[in-house]
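Read off the chains here:
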Amino acid sequence: MIEIRNLSVSVEGKTILNGVNLHIRQGETIVLFGPNGSGKTSLLKAIMGIPQYRVESGNIIYRGQEITKCSIDERARLGIGMAFQRPPAVRGVRLEAMLRICMEKAGAFKEERIHETAEKLNCVDFLDRDVNVGFSGGEIKRSELVQLLAQDPDFVMLDEPDSGVDLVNINLVGKAINELLGKDKKEDRRTKEGLIITHAGHILDYVNADRAYVMLNGTVTSSGNPRDILEDIRAKGYEECARCLR
Amino acid sequence: MSEVTDKEKAKTAEMKPAAVGPDVDLAAYSAEAEEHAEIQGLKGLSNEVKGRAVTVGIDAEEACRSGSFFQVDHSVIFSSAYRSGLEVMSTTAALKKYDWLGDYWWKAVQVDADKFTAQAELKRNHGYFLRALPGARAEFPLQACLYMSREGLAQNVHNIIIAEEGSELHIITGCTTAPKVRTGLHVGISEFYVKKNALVTFTMIHNWAEDVAVRPRTGAIVEENGVFMSNYICMRPVRTLQMYPTAYCTGENATVRSNTILFAPEGSHMDVGFNVFLRAKGSRAEVVARAISKGGHIVTRGHLTGEVPGIKAHLECRGLILSENGTILAIPELDGRASGVDMSHEAAVGKIAEEEIQYLMARGLTGEEATAAIVRGFLDVEIKGLPEHLKREIKGALKMGGEEKRLL
């Protein structure tokens, strides 16, 4: 369970999130819609604890624990994981080494798991490449997800996991997300929370989400059934959608 | 051999400072060292010497070696080759054995280049002679260790390496000091002759003491289809290290590759470069350097001269500054002297990007662990063309003594 209470965040003195409230119950998957620049990625980075995203007020409570002041790695060790939209290229650190790191830190390292996990996202061919160095858009998405599979977090944040992924691989991406979120279990048995940013909503064809929120100008403006909201956005645009669902 | 002429030339350069790098007072070091007794094999080394030698890639067990050379101060205590077609001996012995050696003596390095080359000629203390006969190929490397055990000593060696036509020679050279030694001067002349269709890989690992001055002077002549690969690693403190090896691609399709890995802690000054003259059609050069300063001063140089059309050469230097007081000066130079040369360089000096550290932290690493992983990756230069076991050994040398922890 994660609760965001009245969260305001600034970057270099400029307010980018303003009084965000969000509540994700245990086992629940939430989708976050919003136009470019509305603050979706900033919210995920603030939850992950990236220091440039400075919390001015409000709280982040994860499974009953106040984590607003925790460092990035403390949050990761508590079970929070994130697939970045535009991760940095890390020269000299191969994808295989990253999977090893993720598994070791999760206390679940087994040599054979590296290959098995990579196969799930069609990543075997670039295991020996430096992470994100020269990766295509689709490769980055798969690489992010394969790292999360290795990390196996309890709270899964995905920043546009479907953008740039071709039709062949979107199915794998969907499967991986369902595995990450434990969707194979009955609803009342699920323990993992998910927060997914999606722009076009393609991923909703593969992953069932329980609720959707819409962000506009650094604030969560509305919430509702993911498919209804997506249809409204497609039909009327973000501004109108936010107004009608308020 | 024109030894008189060489000595005369050397005398004219006795006071001549090096073209670059801080000056060193030669008079501050002693030329005298006691004689050390010969041993029957490197297993006969004391544990103390073995312990230091292993940090520079020298395997006292000699399990995967084609031969060994070991010099302590001014004494050659062991030299032997275990494969036919290979020769390992001191240059003193080689000069006695081979009249023709004069044809190779000071032909790749100028005797009057500076006062260090002059001193090596005027006060020479052996050095190694390694040779692969025509067509000889050895899977395992030859190893050579130059060891300084006396405080304040000047060790001046002159090495000659010859790979005859069609031969293949892999060499690991380790230079180090006894644990008690704090100060000294090491001058090492190395002349490489890579003949037609021959391959030489040369991996040199240095592990000096805080107050040692080091002045290697290296030249390599690479003939048609010859390949010379030079790897240099210095990850330990040294007061002043200055070297600028020069390779000459004189034959068609000659290839030179160089990888340099430097780590300079506070108090260390390292001025290391690599210079290649591409003089024949189809010749290739690739010069790569990775430099990390944690308070030390590093100058990393590279100079490529393309003299004829149809050559290709690339220079790459990347530097990381891990502490406030450290400096890295990268000087990449391309000198194209003909149309149709293909030469490029890239250089970057900076700190580790915060974003990369945060990314790894999001996977559960602490800030320190993330930095170590990035530094380890930074130093992991892809060394092409080396046998797999040698690559592993180089990686092992980098890890020796918990390098990553020291880097933080």
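It should be noted that the structure appears before, not after, this text.
(A) Highlighting the overall build of chain A. Helix and strand counts for chain A come out as 8 helices and 10 strands. Taking 2.2 N^0.38 as the reference for a compact globule, 246 residues should give roughly 18 Å; the C-alpha atoms of chain A span a radius of gyration of 17 Å, in line with that estimate. Out of the 246 residues belonging to chain A, those deemed buried represent 45%. In chain A, the share of contacts with a sequence separation of at least 24, taken over all contacts with a separation of at least 6, comes to 69%.

(B) Fine view of the overall build of chain B. Helix and strand content of chain B: 8 helices and 20 strands. Its C-alpha atoms put chain B at 65 × 55 × 45 Å along the principal axes. Across the 408 residues that make up chain B, the buried fraction comes to 56%. Within chain B, residue pairs in contact and separated by at least 24 positions form 83% of the contacts whose partners lie at least 6 positions apart.

(C) Local environment of the interface of chain B and chain A. Taken together, the contacts link 16 residues of chain B with 20 residues of chain A. Where the side of chain B that touches chain A is concerned, the elements lending two or more residues are α5 (354-361) and α6 (367-379) of chain B. Take the side of chain B that touches chain A: its biggest share by element is 5 residues, from α5(B). Taken together, the residues that form the side of chain B that touches chain A break down as 8 nonpolar, 4 polar and 4 charged.

(D) Quick peek at the sheet that holds strand β7 (residues 155-159) of chain A. All names here are of chain A. The 6 strands lie next to each other as β6-β7-β8-β3-β9-β10, forming an open sheet whose pairing is mixed. For this open sheet the edge positions go to β6 (80-83) and β10 (219-224), each flanked by a neighbour on one side alone. In this sheet, neighbouring strand axes are inclined to one another by 20° on average, regardless of whether the strands run parallel or antiparallel. As judged from the 5 bridges shared by β7 and strand β8 (residues 193-197), these two strands associate in the parallel manner. Across the sheet, the residue bridging to Val156 is Gly194, located in β8. Contacts from helix α5 (residues 137-151) reach β6 and β7 within the one sheet, and its direction differs from that of β6 by about 165°.

(E) Here's a closer look at the packing of helix α3 (residues 95-105) of chain A against α5(A). All names here are of chain A. Two elements in contact, α3 and α5, have axes whose closest approach is 7 Å; the angle formed by their N-to-C orientations is 30°. Taken together, the axes of α3 and α5 are roughly parallel relative to one another. Handedness of the α3/α5 crossing: right-handed. In this structure, α3 contributes Leu95, Met98, Leu99, Cys102 and Met103 to the contact, and α5 contributes Ser143, Val146, Gln147, Ala150 and Gln151. Its residues assigned to classes, the contact of α3 with α5 shows 7 nonpolar, 3 polar and no charged.

(F) Geometry of the packing of α3(A) against helix α4 (residues 111-120) of chain A. All names here are of chain A. Running from N to C, α3 and α4 cross one another at 110°; their axes reach a closest spacing of 10 Å. Classified by the interaxial angle, the pair formed by α3 and α4 is roughly perpendicular. As α3 runs across α4, the sense of the crossing is right-handed. Contact residues: α3 offers Glu96, Leu99, Arg100 and Met103, while α4 offers Arg113, Ile114, Thr117 and Ala118.

(G) Up close: the sheet that holds strand β14 (residues 255-265) of chain B. Residues and elements named next belong to chain B. If you walk across this open sheet you meet the 10 strands as β2-β1-β5-β7-β9-β11-β14-β16-β18-β20, and the pairing is mixed. Across the chains shown, the open sheet's two edge strands, defined by having one partner strand only, are β2 (75-81) and β20 (342-350). For this sheet, the mean angle separating the axes of adjacent strands, direction not counted, is 5°. Relative to β2, strand β1 (residues 67-72) runs antiparallel, the two sharing 6 bridges. By the bridge assignment for β2, Gln71 is matched with Val76.

(H) Main features of the pairing of β7(A). All names here are of chain A. Of all 5 residues in β7, 5 are buried; the element is thus mostly enclosed. Going residue by residue along β7, you find Phe155, Met157 and Asp159 tucked away on one face and Val156 and Leu158 tucked away on the opposite face as well. Pairing analysis gives 4 bridges linking β6 to β7, with the strands arranged parallel. From the neighbouring strand, Gly81 faces β7, where its bridge partner is Val156. In terms of handedness, the path from β7 via helix α6 (residues 167-180) over to β8 forms a crossover that is right-handed.

Rules and cut-offs
- Residues numbered from 1 in each chain as written.
- Chains lettered and ligands numbered in written order.
- Predicted model: local features only at pLDDT ≥ 70, side-chain atom pairs only at ≥ 80, totals over all residues.
- Helix = DSSP H or I, 4+ residues; strand = E, 2+ residues; numbered from the N terminus.
- Rg over C-alpha atoms; globule rule 2.2 N^0.38 Å.
- Buried ≥ 20, exposed ≤ 12 C-beta atoms within 10 Å, placed from the backbone.
- Contact = placed C-beta atoms within 7 Å.
- Nonpolar A, V, L, I, M, F, W, Y, C, P; charged D, E, K, R; others polar.
- Pairing = 2+ DSSP bridges.
- Axes fitted to C-alpha atoms, helices over the stretch in contact; angles between N-to-C directions.
- Parallel < 35°, antiparallel > 145°, perpendicular 65-115°, else oblique.
- Left-handed = near helix turned anticlockwise from the far one by under 90°.
- Right-handed = clockwise from strand over helix to strand, strands pointing away.

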